[in-house]
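Per-entry structural report
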Amino acid sequence: MAVAPRLFGGLCFRFRDQNPEVAVEGRLPISHSCVGCRRERTAMATVAANPAAAAAAVAAAAAVAEDREPQHEELPGLDSQWRQIENGESGRERPLRAGESWFLVEKHWYKQWEAYVQGGDQDSSTFPGCINNATLFQDEINWRLKEGLVEGEDYVLLPAAAWHYLVSWYGLEHGQPPIERKVIELPNIQKVEVYPVELLLVRHNDLGKSHTVQFSHTDSIGLVLRTARERFLVEPQEDTRLWAKNSEGSLDRLYDTHITVLDAALETGQLIIMETRKKDGTWPSAQLHVMNNNMSEEDEDFKGQPGICGLTNLGNTCFMNSALQCLSNVPQLTEYFLNNCYLEELNFRNPLGMKGEIAEAYADLVKQAWSGHHRSIVPHVFKNKVGHFASQFLGYQQHDSQELLSFLLDGLHEDLNRVKKKEYVELCDAAGRPDQEVAQEAWQNHKRRNDSVIVDTFHGLFKSTLVCPDCGNVSVTFDPFCYLSVPLPISHKRVLEVFFIPMDPRRKPEQHRLVVPKKGKISDLCVALSKHTGISPERMMVADVFSHRFYKLYQLEEPLSSILDRDDIFVYEVSGRIEAIEGSREDIVVPVYLRERTPARDYNNSYYGLMLFGHPLLVSVPRDRFTWEGLYNVLMYRLSRYVTKPNSDDEDDGDEKEDDEEDKDDVPGPSTGGSLRDPEPEQAGPSSGVTNRCPFLLDNCLGTSQWPPRRRRKQLFTLQTVNSNGTSDRTTSPEEVHAQPYIAIDWEPEMKKRYYDEVEAEGYVKHDCVGYVMKKAPVRLQECIELFTTVETLEKENPWYCPSCKQHQLATKKLDLWMLPEILIIHLKRFSYTKFSREKLDTLVEFPIRDLDFSEFVIQPQNESNPELYKYDLIAVSNHYGGMRDGHYTTFACNKDSGQWHYFDDNSVSPVNENQIESKAAYVLFYQRQDVARRLLSPAGSSGAPASPACSSPPSSEFMDVN
């Protein structure tokens, strides 16, 4: 049954109910002569009216039939015509089926045909004649349909069989093409596409010459691309891509060639530009960007070895350059991109992927680097793509090359995943089954969700064994891996640099380099230092000094791991304790800061600030001398190496002035350190309640004294009780009331300049041990792999839930290698992170260039007839030079075509000897399995013939010493 037409996206479609009826198949002969059809009808009518003229009529009909090709069928009865066109299985009432052809017939002709067949008289004057669709066309040259035609008003739609019947019976106007349209399937509905999309196809270098081509809404962008390549005679080896010009005048890339014209929202009259990649691997659309960055360095006629191409450092992007150079020199992966195999596997709809953008950006980079037309390239586009999909790589901070490599491999895998819809896969434990069976099941489950060139090239299989320490339950699982992160054998010792401050003021501070246990305590540090100084560990106090104050005073039982390598550690010789005990006769250890009064600008120039300087002290004061006067004398003795005592002349000079000052003070006491305008908050001394804050002053030994005393004597400095920050602000919280008070020595600028020798105060001597360097013996790569497969106990932060005990347990865990990939990436864990420390291990790891044998580490039953399955050759190394805070990444890589090793340092590339590859900087190693290398060497393996990594080197005079 016919339904009123609807407007869809500016196009007219016909909707029909969907019924499972079967269409009449086959094509009937079509007559293209309207005149012939009319003559035949007349002749047949004549034969029916006058039998005597039968012979002449038959002869005339035969002559007409011979004059045209193909011949039409004899007209059936009118009732039969009506049934076949309107109601039969081939009639108008049949449901629409996607992909079928339907034809447009001019409405006036069809109405006349209806009147003819319903009139019941074949000789009626209402005979419609041949089909004439002239009123549906704009012109008779391009035969383009008029715009805005409406079904039921301007035309009717007939299925193919009904159309062929009518043409065979009545013919089609000479020269007119049939108006054939396809049924397309849209979401939840089927329609006859009356108006296809007309696109204007142009080339990027000739926008003035266009080809107008019609496409169905259900045609793929791939068909548009193939059509454009055919129209513009593009060579098969040339790379092309499409851009669509939108209504705003900007261009949008048509990334996914598998989506339809409808999904891409292309409209009639839209300009589609086909772009062809240049010989140097770049796209013309990126030419302006390249010119702004690097074209000045490029020689258009330059032709070098493919793959020998540097990458410009965009600002702390050496980590990215190093990872890219390593990956670029993986032969099978590079061939995969150079041969455009990735185009058919781009997965634009993977929710875990990057919509194919990472894969395309990497492909562009590979094609440029391996074109042989660049000395170096600028990876701006790739850097922006990475930052867009991984915010941790935004900006220009330094990062880890292994972390970037991990992200890139995962991104490429998801962008190229052949599995378009991932199914749910339940992970199963071994449950006592044979390892071979469980491993095969695990790998098949992995491939059901993950199938890409990255899986084919880089993925292997672990065997993980967990054992519960309580019930002995054993859990065995097989897990895929993309790289091995192997630990380095770590020394249980560490080196700490400290400054020892002796009690004897005549001795300068000493710098010591101590070897202490990594998991030791502060007491171990004191024991190690006592061996150098001869001072008992009980007479030492350890402090972290930062910004002229004590950042922390360590207790003997605290762990050494709380001391960072960058901390300034001072060890003081003392003869007592900080925590004073009432009734004890031990000396009191007082923390002492040095401060200088500095005038600060104020509206009345009356404010004086106090600034810390020098190194703080821990001073032992005998209990019987713990008065302000006694403390002053003890401090003068401790500072005697760099503080000069005033002579008699200096004291006389200050008498008159001191008398005036003392007359002004009602209560002599320790100097205030605050503003003269608001002395109350800074007031200190005997009257300020110091005895309430100092546990060791319970006998009030300082509380009844006055200092400076009223006598004719010049004092170099004044004393002030302060808090641990070195300021005079004190709180009344319980914590502060019972806290250890600190003493500040406050200097007037003039007095400090005359009597304080800053150069001598900062002086120190180096102990012989400072020249000691802890030798680190090199380790073999095999030792690291053995350590990787060693049984370990899970940490408290990462327990395992035992299904038998129903509890989280610190189980033992062991990893074994079951199946190895074609390309094995080994990450050396040089960076060590703990709660208190971060360090880089610069241990030399000895790794083989060729014949790295993994047969002793693979526990899967091995194929002894093919030992190459377990032997690997080195093809690339990512290096890291420097420490934790700063560093630089470079790459050693073997060219797949020439077999020559090169050193990649950002945009600089130099040939190197094999003996230069092994160094303490080696961080990530890339190994290729030998059977894969031989496969690639064979003519069927690749279009080129990559050389073995282990091949001869050029003369040493051409090499650059990179170590």
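Residues numbered from 1 in each chain as written. Predicted model: local features only at pLDDT ≥ 70, side-chain atom pairs only at ≥ 80, totals over all residues. Heavy atoms only, no water.

The chain appears in an unreviewed UniProt entry as Ubiquitin carboxyl-terminal hydrolase from Gorilla gorilla gorilla. Here is the UniProt Catalytic activity (unreviewed entry) comment for the chain, exactly as written: "Thiol-dependent hydrolysis of ester, thioester, amide, peptide and isopeptide bonds formed by the C-terminal Gly of ubiquitin (a 76-residue protein attached to proteins as an intracellular targeting signal)." UniProt, in its Function (unreviewed entry) section for the chain, records the words "Deubiquitinating enzyme that removes conjugated ubiquitin from specific proteins to regulate different cellular processes." (UniProt positions renumbered as here; feature names shortened; annotations may be inferred.)

In this section: the packing of helix H10 (residues 357–369) against helix H12 (residues 401–415). Running from N to C, H10 and H12 point in directions that differ by 110 degrees, and their axes come no closer than 8 Å. One way to sum up the angle between H10 and H12 is to call them roughly perpendicular. The interaxial crossing formed by H10 with H12 has left-handed handedness. Where H10 approaches H12, its residues Glu357, Ile358, Ala359 and Tyr362 are matched on the opposing element by Phe407, Leu408, Gly411, Leu412 and Asp415. Looking at the contact of H10 with H12 residue by residue, the class counts come to six nonpolar, one polar and two charged. (Axes fitted to C-alpha atoms, helices over the stretch in contact; angles between N-to-C directions. Helix = DSSP H or I, 4+ residues; strand = E, 2+ residues; numbered from the N terminus. Parallel < 35°, antiparallel > 145°, perpendicular 65-115°, else oblique. Left-handed = near helix turned anticlockwise from the far one by under 90°. Contact = heavy atoms within 4.5 Å. Nonpolar A, V, L, I, M, F, W, Y, C, P; charged D, E, K, R; others polar.)

All right, on to a negative patch on the surface then. Where like charges cluster on the molecular surface, the negative patch consists of Glu783, Glu786, Glu846, Glu856 and Glu918. Tracing the sequence through the fold places Glu918 in the loop between strand S41 (908–911) and strand S42 (922–929). The exposure class of Glu918 is partly exposed, given its relative accessible area of 31%. (Patch = residues over 30% accessible without salt bridge, like charges linked within 9 Å, V, L, I, M, F, W, Y side chains within 5 Å. Areas by Shrake-Rupley, 256 points an atom, 1.4 Å probe, with all protein chains shown as cover. Salt bridge = Lys/Arg side-chain N within 4 Å of Asp/Glu carboxyl O. Lys, Arg positive; Asp, Glu negative; His and termini not counted. Charge placed at Lys NZ, Arg CZ, Asp CG, Glu CD. Buried < 20%, exposed > 50% of the residue type's maximum accessible area, 1.4 Å probe, protein only.)

Once that is clear, we can look at the sheet that holds strand S32 (residues 812–819). Ordered in space as S15-S14-S32-S29, the four strands form an open sheet in which the pairing is antiparallel. Either end of the sheet is taken by a strand with one partner, and the two such strands are strand S15 (474–481) and strand S29 (792–793). (Pairing = 2+ DSSP bridges.)

The next point concerns the packing of aromatic side chains. Following the criterion strictly, the structure yields 33 aromatic pairs and no others. Ring centres of Phe550 and Tyr572 lie 5.8 Å apart, and the angle between their planes is 75 degrees; on these two criteria the pair is classed as edge-to-face. Here Phe550 is found in strand S20 (residues 549–553), whereas its partner Tyr572 is found in strand S21 (residues 569–573), with 22 residues between them in sequence. Measuring from ring centre to ring centre gives 5.4 Å for Phe831 and Tyr923, while their planes differ by 80 degrees; the resulting arrangement is edge-to-face. Taken together, the positions of Phe831 in strand S34 (residues 831–833) and Tyr923 in strand S42 put the pair 92 residues apart, joining distant regions of the chain. Residues Phe831 and Tyr923 agree in their burial class; the two are buried. Put simply, the rings of Phe499, Phe550, Phe570, Tyr572, Tyr593, Tyr742 and Tyr764 pair up and form one aromatic cluster. Sitting above the plane of the Tyr396 ring, Lys383 keeps its charged end 4.7 Å from the centroid. (Phe/Tyr/Trp six-rings, centres within 6.5 Å; stacked < 30°, edge-to-face > 60°. Lys NZ or Arg CZ within 6 Å of the ring centre and 35° of its normal.)

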